[in-house]
Amino acid sequence: LKAVFGVALGILAAIGGFVDIGDIVFNVEAGATFGYQLLWAVVIGVGGIITYAEMCGRVAAASERAVFDAVRERLGFGVGFVALVAGQLVNLLTLAAEIGGVAIVLQLLSGLSYRGLLVFAVLGLAIVLWLLPFGWIERVFGYMGLALIVFAVAAVKLHPNWGEVAHGFVPSTGSGSLAVYGYFVVGLIGAATIPYEVYFYSSGAVEERWRPKDLGMNKANAIIGYCLGGFLSFALMISAGALLLPQGISAELLGTVALVAQAPLGEIGLLLALIGMLFAISGAAIDSGFAGAYNVAQFFGWEWGKYRKHAGAPQFTIAWLVMLVLGFLIVVTGVDPILVTEVSVIFSVAALPLTYVPIFLVANDTAYMGRYRNGRIANAFGGFYLVVITVIAVAAVPLMILSNMGQG
Amino acid sequence: VALLAILLAGCGTPSALDKQAEEVGSIAAEGALLAHDASEGDTTETFTRVHARELAKNVETLRPAIRDGRLERVARSVGADLERLADDPSDERGAAQLERRLDDASTQAEEIGKGAS
């Protein structure tokens, strides 16, 4: 019973923790621009994160190594260092966007000044990271992020055309500008498969001392948790498609996202949406900040892990503090967090192969994995997604330029 | 590299009239939706004030680039209405009036956009 309870808690945390500012922005913008036509792209993205999260969770359980341990060993110092720099830049942009997002949501709740709230947000995140143990961080933010389920209720209340919704799960070339459509396809897949999620997932597995006996829990967390997390993405896109598209409203502000829940559900919908966004984005800020510290510590062979306490892993502690400060310095310049979000997602897509190829290679390496190496199904899915991420990695930046960042 | 890509992507204010009209219409329609919820008491004063102010800021950023006189007038009135909503978000009757004005502005912007394309 305890094991079932543990799996259920992990799944709940994965649902609430799946959605971050990138998912919120891209799903709502896609819904406002193309209605339900891009739901299939979310399915592709969720399939990708399930495949690779399961793989790197299995690598962590079987070899007790997280992603960048494997990257360094498998790719060598030179190529590994390129992967590290690319990964860190994307992590930093993501963290900056999440910190800005937290401040915007706090402003929509409190009415206080954005810059003051940026300081409050970054100090709050630092205190949480300093004081709370890993399991608490993961679960508190995951559970509170579940308030985003309000968008599923909003989607139903907005009475979308369910036939059109069902049609959206079938890949199509879409209507309107092909470049804009392609930009959103890349953005939606990129937001779902953003690398910090697998860095954090695999390092978390090492933090929680997963062993081969935990592989069932790994599979359940990855498959059920991310599938249900994808359900929140569907809800965001469907509700935006039902409310914003018919009225010609483009979604350029986080306040517009909250309005999508407020319009059909009133004040309670607004408050649940803002609370869900606050915890989902804060949780993602923690994940991306930690992911940056995990990567650098694993690559250079420092002691790392929240379980070691601050004195036991001083370089790791300094690394996440530096990440927070740098993220803060980016957004405090006044750059629009939504713009930073879009850029971070698109550039993370360009860097995806540097993260996923080493995981795939290590998961197939008998010396690392023994009898837990990839089976045929994991290789079929893993291979398919390597092709997908290679194609979108090549297309990402040209599509961003050609589509004028989705503006047409 | 990211900054260069943003510059290459040409983000910022659109220069074509139909795109500008689309943007003004979008802001006006969103303002109308916000004003509607304020008039029904279905929101918080803080949210209405902050979000209306952000929408007003967006339309003010767009205005200097607008060369069409009709669209410029519509944009100016949308900005003023959104500022009024932000100044007194608890005035439900006033919000209902603003909702109608913003709805009209959205329709006008749409017509200007159609004429331009």
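Being a predicted model, the structure only gives us computed values, none of them experimental.

A tally of helices and strands in chain A yields 17 helices and zero strands. In terms of C-alpha radius of gyration, chain A reaches 20 Å, essentially the compact-globule figure of 22 Å for 408 residues. Taken along the three principal axes of its C-alpha coordinates, chain A extends 55 × 50 × 45 Å. Evaluated residue by residue, chain A yields a buried proportion of 61% over its 408 residues. A sequence separation of at least 24 residues applies to 85% of the contacts in chain A between residues at least 6 apart. Within the structure as shown, chain A displays about 14600 Å² of accessible surface, and the carbon and sulfur contribution to it stands at 71%. If the 18 positive side-chain charges of chain A are averaged to one point and the 21 negative ones to another, these points end up 13 Å apart.

Let us look at the overall build of chain B. When you go through chain B residue by residue, the secondary structure sums to five helices and zero strands. Start at the N end of chain B and walk to the C end: the helices and strands fall as α-α-α-α-α. Classification of the 117 residues of chain B by burial places 49% in the buried group. Residue pairs in contact within chain B that sit at least 24 positions apart in sequence constitute 76% of those at least 6 positions apart. Working note: accessible area of chain B is about 5700 Å², and carbon and sulfur atoms make up 47% of it.

Attention shifts here to helix α5 (residues 92-116) of chain B. All names here are of chain B. Helix length check: α5 (25 residues) gives 36 Å between terminal C-alpha atoms against 36 Å at 1.5 Å per residue, within 8%. Turning to α5, its buried residues are Gly94, Ala95, Leu98, Glu99, Leu102, Ala105, Ser106, Ala109, Ile112 and Gly113. If you follow the buried residues of α5, they end up packed against α2 (17-40) and α4 (69-87). At the N-terminal boundary of α5, the capping side chain belongs to Asp91, with an oxygen 3.3 Å from the backbone nitrogen of Arg93.

The next subject is the confidence of the model for chain A. Keep in mind that low pLDDT regions are not for reading the predicted coordinates in detail. On average, residues of chain A score 91 in pLDDT, and 96% of them are at 70 or above. Mean pLDDT across the secondary structure elements of chain A bottoms out at helix α1 (residues 2-18) of chain A, with 62, and peaks at helix α7 (residues 150-157) of chain A, with 98.

Listed by partner, the interface residues are 33 residues for chain A and 28 residues for chain B. Roughly 2400 Å² of surface becomes buried between chain A and chain B when both sides are summed, with 65% attributable to carbon and sulfur atoms. It is Leu108(A), Leu253(A) and Leu259(A) that lose the most area in chain A upon contact with chain B, and together they represent 20% of the buried surface on that side. At the boundary of chain A with chain B, the tally comes to zero salt bridges.

Now for empty space enclosed by the protein. If a probe the size of a water molecule is rolled over the atoms, the empty space left behind becomes visible. This structure, assessed with the given rule, holds five cavities of 30 Å³ or more. Taken together, Ser250(A), Glu252(A), Leu253(A), Glu23(B), Ser26(B), Ile27(B), Glu30(B), Leu55(B) and Asn58(B) make up the lining of the second largest cavity. Within the residue set of the lining of the second largest cavity, elements represented by two or more residues are α2 and α3 (45-62) of chain B. The dominant element in the lining of the second largest cavity, judged by the number of residues it contributes, is α2(B), at four residues. In terms of residue class, the lining of the second largest cavity is built from three nonpolar, three polar and three charged.

Here we take up helix α15 (residues 337-363) of chain A. All names here are of chain A. Within α15, the axis deviates most sharply at Ala351, by approximately 50°, and proline Pro353 lies no more than four positions further along. Of all 27 residues making up α15, 21 are buried, and the element is well covered by its neighbours. Near the N-terminus of α15, the side chain that reaches the backbone nitrogen of Ile338, with its oxygen 3.0 Å away, is that of Asp336.

All names here are of chain A. Secondary-structure assignment places Asn218 in helix α11 (residues 215-243). The exposure class of Asn218 is buried, given its relative accessible area of 0%. Only 2.8 Å separates the side chain of Asn218 from the side chain of Tyr201, close enough to count as a polar contact.

Next up on the list: the nonpolar core. One finds Leu38(A), Phe151(A), Leu254(A) and Val78(B) to be the most contacted residues of the largest nonpolar core, which totals 188 residues. Broken down by element, the residue count for this core peaks at 23 residues, all from helix α12 (residues 254-300) of chain A. If we skip the residues at most four places from it in the chain, Leu38(A) touches Ala30(A), Gly168(A), Tyr181(A), Phe184(A), Val185(A), Leu188(A) and Met237(A).

All names here are of chain A. What the rule picks out here adds up to zero disulfides over all chains. As a non-bridged cysteine, Cys56 has Cys227 as the owner of its nearest cysteine sulfur, 16 Å distant. For Cys227, a relative accessible area of 40% puts it in the partly exposed group.

Turning our eyes to something else, we now look at unusual backbone geometry. All names here are of chain A. With phi around 60°, Glu64 is a residue other than glycine that occupies positive phi space. Position of Glu64 relative to the elements: it lies in the loop between α3 (39-63) and α4 (67-110). If you check the backbone angles, Arg209 has positive phi at about 55° while not being a glycine. Its place among the elements puts Arg209 in the loop between α10 (195-207) and α11.

A few words on a negative patch on the surface. Together, Glu267(A), Glu40(B), Asp42(B), Glu45(B), Asp88(B), Asp91(B) and Glu92(B) give the surface a local cluster of negative charge. Secondary-structure assignment places Asp42(B) in the loop between α2 and α3.

Time to look at the packing of aromatic side chains. Residues and elements named next belong to chain A. Taken as a whole and judged by the stated rule, the model has 24 aromatic pairs over all chains. Between Phe34 and Tyr181, the aromatic rings sit 5.2 Å apart at their centres with planes inclined by 85°, giving edge-to-face as the arrangement. Of this pair, Phe34 sits in helix α2 (residues 21-34) while Tyr181 sits in helix α9 (residues 178-192), and the two are 147 residues apart along the sequence. Owing to a relative accessible area of 4%, Tyr181 belongs among the buried residues under this scheme. Note on Phe77 and Phe299: the rings are 5.4 Å apart at their centroids and 50° apart in plane angle, and the pair reads as tilted. With Phe77 in helix α4 and Phe299 in helix α12, this residue pair connects regions lying 222 residues apart in the sequence. The exposure class assigned to Phe77 is partly exposed, which follows from its relative accessible area of 42%. Following the ring pairs from residue to residue traces out a cluster consisting of Trp130, Phe200, Phe290, Tyr294, Trp304, Phe316 and Trp320.

Reading the values: the criteria
- Residues numbered from 1 in each chain as written.
- Chains lettered and ligands numbered in written order.
- Predicted model: local features only at pLDDT ≥ 70, side-chain atom pairs only at ≥ 80, totals over all residues.
- Heavy atoms only, no water.
- Helix = DSSP H or I, 4+ residues; strand = E, 2+ residues; numbered from the N terminus.
- Rg over C-alpha atoms; globule rule 2.2 N^0.38 Å.
- Buried < 20%, exposed > 50% of the residue type's maximum accessible area, 1.4 Å probe, protein only.
- Contact = heavy atoms within 4.5 Å.
- Areas by Shrake-Rupley, 256 points an atom, 1.4 Å probe, with all protein chains shown as cover.
- Lys, Arg positive; Asp, Glu negative; His and termini not counted.
- Charge placed at Lys NZ, Arg CZ, Asp CG, Glu CD.
- Expected span 1.5 Å × (residues − 1).
- Polar contact = N/O pair within 3.5 Å; in protein donor to acceptor, adjacent residues only side chain to side chain.
- pLDDT = per-residue confidence, 0-100.
- Buried area = accessible area lost by both parts, 1.4 Å probe.
- Salt bridge = Lys/Arg side-chain N within 4 Å of Asp/Glu carboxyl O.
- 1 Å grid on protein atoms, 1.4 Å probe; cavity = no way out; pocket = protein on both sides within 12 Å on 5 of 7 lines; lining within 4 Å.
- Points joined across faces, edges and corners; volume = space filled by probe spheres on them.
- Nonpolar A, V, L, I, M, F, W, Y, C, P; charged D, E, K, R; others polar.
- Bend = angle between axes of the 7 residues up to and from the residue.
- Core = buried A, V, L, I, M, F, W, Y, C linked by side-chain atoms within 4.5 Å.
- Disulfide = S-S within 2.5 Å.
- Patch = residues over 30% accessible without salt bridge, like charges linked within 9 Å, V, L, I, M, F, W, Y side chains within 5 Å.
- Phe/Tyr/Trp six-rings, centres within 6.5 Å; stacked < 30°, edge-to-face > 60°.

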